[in-house]
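Secondary and tertiary structure notes
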Amino acid sequence: MRYQAPKGVSEYYPPRSRSFEWVRQCLLAPIQRAGYQLLELPVFEDTELFTRGVGASTDVVNKEMYTFEDRGSRSITLRPEGTVGALRSVIEHGLDKGSLPAKFYYSGAFFRAERPQAGRYRQFYSVGIEAVGTDDPAIDAEVIAIADAGFRNIGLKQFHLEITSLGDRESRAAHRIDLKKFIAQLSLDEATRNRAEINPLRLFDDKREEVRSAMKAAPVLLDYLSHESKTHFEAVQKYLKVLNIDYVVNPRMVRGLDYYTGTTFEFVHDLLGAQSGIGGGGRYDGLMEEIGGSALTGIGFGLGVDRALLAAEAEGVVDQSAFLGDLCIIPLGDEAKSLALQIAHELRSVSVSVEIAFGDRSVKSGMKSADKSGVKYVIVLGEEELQSGAAELKEMSTGEATSVTLSSLVPTLVTTLTGK
Ligand code: HAM
């Protein structure tokens, strides 16, 4: 029996797993520099949390949740997204009781039973942030800027940012009346009508050509913004300009989750075809209350690590040297092996990454695997080296070899590799 991973999951193994980890760290760095704190969250939660929080009109809740009964007959769901779990944690542990905004990040696997295709997986990886407790439009711009900085950190250039505002309750109520009137005169099947009943905005997201073209004449929310929502959205745009972040306003943007209000945004990559959304997010005023918390507002994003990697590969910007080892020691004989273990231990303690070619290999076979693993330097420790007290440090990229005394090996390597 040859087992295979379940259909549609993303899986990373060397050498590509190095690129994956590099992409994830590129996305995380600007988040950590902006004072967001780690939330390490469970990958499953009570099903009701998601049905309430994500929303009953969404595909995510209706078709895509991995839901099962646990041994205690509780309904459990693998997290399809991070926001409601993060807010559940904030509420449960009173993390919103200190100074506000409270700012958190998380990273990990998410699960949606979607039809798998390039860039769309049933288990995928996302990095997300949530800032809870302020409706200052400047934080909207900062949240967008942090995502943008992550993508730029990778070296991505061929993407654009779309923004819109879904307004406050008053704006949405006014728009809903006209949108429902508009939808009523369309000829739609029962299921679509029911969906529109729960959230008429969903029809802007319909993939069928006839619905898409009918919706072109539909009233858009942006034209119904209350004075307050309009002022907020204008302020966000002002700050984005201050930050030199280009954007287009897309009044027909619909996010796949029901909790959004006010500012919403999506980063779209130009080379990824159908699954081009590399990140997105927005405000969710009302969500905290909906799931049992206080009446605090919030904003956040989720960035797709899998898709950001595909985008980096499409643009040819993956840093191939990321996470490659610094040194491989090839020991010949028992005495050399002991010395190799000592040297490796000492070097690792000063942050040099070292591998040893274990298994009593020949120089040739050791060199071959060192070459394959992509280390920067190789050193062979044989009888001759132990006797003379000196060895050749070979730089793999140039083939150049320099003689180093074994007693000064550690400081020499530290200087060579770290420049310290
Ligand atoms: P989302 O747009 O549903 O937002 O997901 C975030 C990102 O995850 C997407 O932009 C996309 O890159 C990636 N993604 C989603 N589904 C898949 C999939 N099946 N396969 C591969 N990648 C995928 C959220 O989840 C919100 N929680 C973001 C947020 C946080 N909004 C406010 N705070």
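First, a word on what this report is: a plain description of the structure on this page. None of these values were measured; they are calculated from a predicted model.

The next thing to look at is helix H5 (residues 137-154). Taking 1.5 Å of rise per residue, 18 residues should cover 26 Å, and H5 covers 27 Å from first to last C-alpha, within 8% of that figure. Burial analysis of H5 places 13 of its 18 residues in the buried class, which makes it a mostly covered element. Capping the start of H5, aspartate 136 holds a side-chain oxygen 2.8 Å from the backbone nitrogen of alanine 138, two or three residues further along. Positive phi shows up at glycine 155, right after H5, with a value of about 105°.

Another aspect to go through is the site of the ligand. Every one of the 26 residues lining the ligand counts as a neighbour, but Glu81, Glu114, Tyr121, Tyr260 and Gly277 are closest to it. Contact distances for the ligand include 2.8 Å between a nitrogen atom and a backbone N or O atom of tyrosine 121. The separation between an oxygen atom of the ligand and a polar main-chain atom of glycine 279 is 3.2 Å. If the ligand stood free it would expose 650 Å²; the protein chains cover 95% of that surface. Contributions of two or more residues to the shell around the ligand are made by strand S6 (123-132), strand S10 (277-283) and strand S11 (298-304).

Strand order in the open sheet made by the three strands is S2-S4-S3, with antiparallel pairing throughout. With one partner strand each, in any of the chains shown, strand S2 (44-46) and strand S3 (67-69) form the two edges of the open sheet. Each strand of the sheet is rotated relative to its neighbour by a mean of 35°, with strand direction disregarded. Strand direction decides the pairing type here: S2 and strand S4 (residues 75-78), joined by three bridges, are antiparallel. Counterpart to aspartate 46 in the pairing with S4 is isoleucine 76. Contacting S2, S3 and S4, helix H2 (residues 47-54) crosses the sheet at an angle of about 80° to S2.

Right, let's get into the packing of helix H1 (residues 16-33) against helix H11 (residues 305-315). Their axes nearest at 9 Å, the elements H1 and H11 cross at an angle of 110°. As far as their axial angle goes, H11 and H1 are roughly perpendicular. Of H11, the residues touching H1 (which contributes Arg16, Ser19, Phe20, Val23, Arg24 and Leu27) are Val305, Asp306, Ala308, Leu309, Leu310 and Glu313. By residue class, the composition of the contact of H1 with H11 is seven nonpolar, one polar and four charged.

Moving on: the packing of aromatic side chains. Scanning the model with the defined rule gives 11 aromatic pairs in all. Site record: aromatic cluster; members linked through ring pairs are Phe151, Phe159, Phe265 and Phe267. One residue, arginine 79, lies across the ring of phenylalanine 110, its end atom 4.2 Å from the ring centre. Positioned above the aromatic ring of tyrosine 36, the side-chain terminus of lysine 103 is 5.0 Å from the ring centre.

Basis of the calculations
Residues numbered from 1 in each chain as written. Predicted model: local features only at pLDDT ≥ 70, side-chain atom pairs only at ≥ 80, totals over all residues. Heavy atoms only, no water. Helix = DSSP H or I, 4+ residues; strand = E, 2+ residues; numbered from the N terminus. Expected span 1.5 Å × (residues − 1). Buried < 20%, exposed > 50% of the residue type's maximum accessible area, 1.4 Å probe, protein only. Polar contact = N/O pair within 3.5 Å; in protein donor to acceptor, adjacent residues only side chain to side chain. Near = heavy atom within 4 Å. Areas by Shrake-Rupley, 256 points an atom, 1.4 Å probe, with all protein chains shown as cover. Pairing = 2+ DSSP bridges. Axes fitted to C-alpha atoms, helices over the stretch in contact; angles between N-to-C directions. Contact = heavy atoms within 4.5 Å. Parallel < 35°, antiparallel > 145°, perpendicular 65-115°, else oblique. Nonpolar A, V, L, I, M, F, W, Y, C, P; charged D, E, K, R; others polar. Phe/Tyr/Trp six-rings, centres within 6.5 Å; stacked < 30°, edge-to-face > 60°. Lys NZ or Arg CZ within 6 Å of the ring centre and 35° of its normal.

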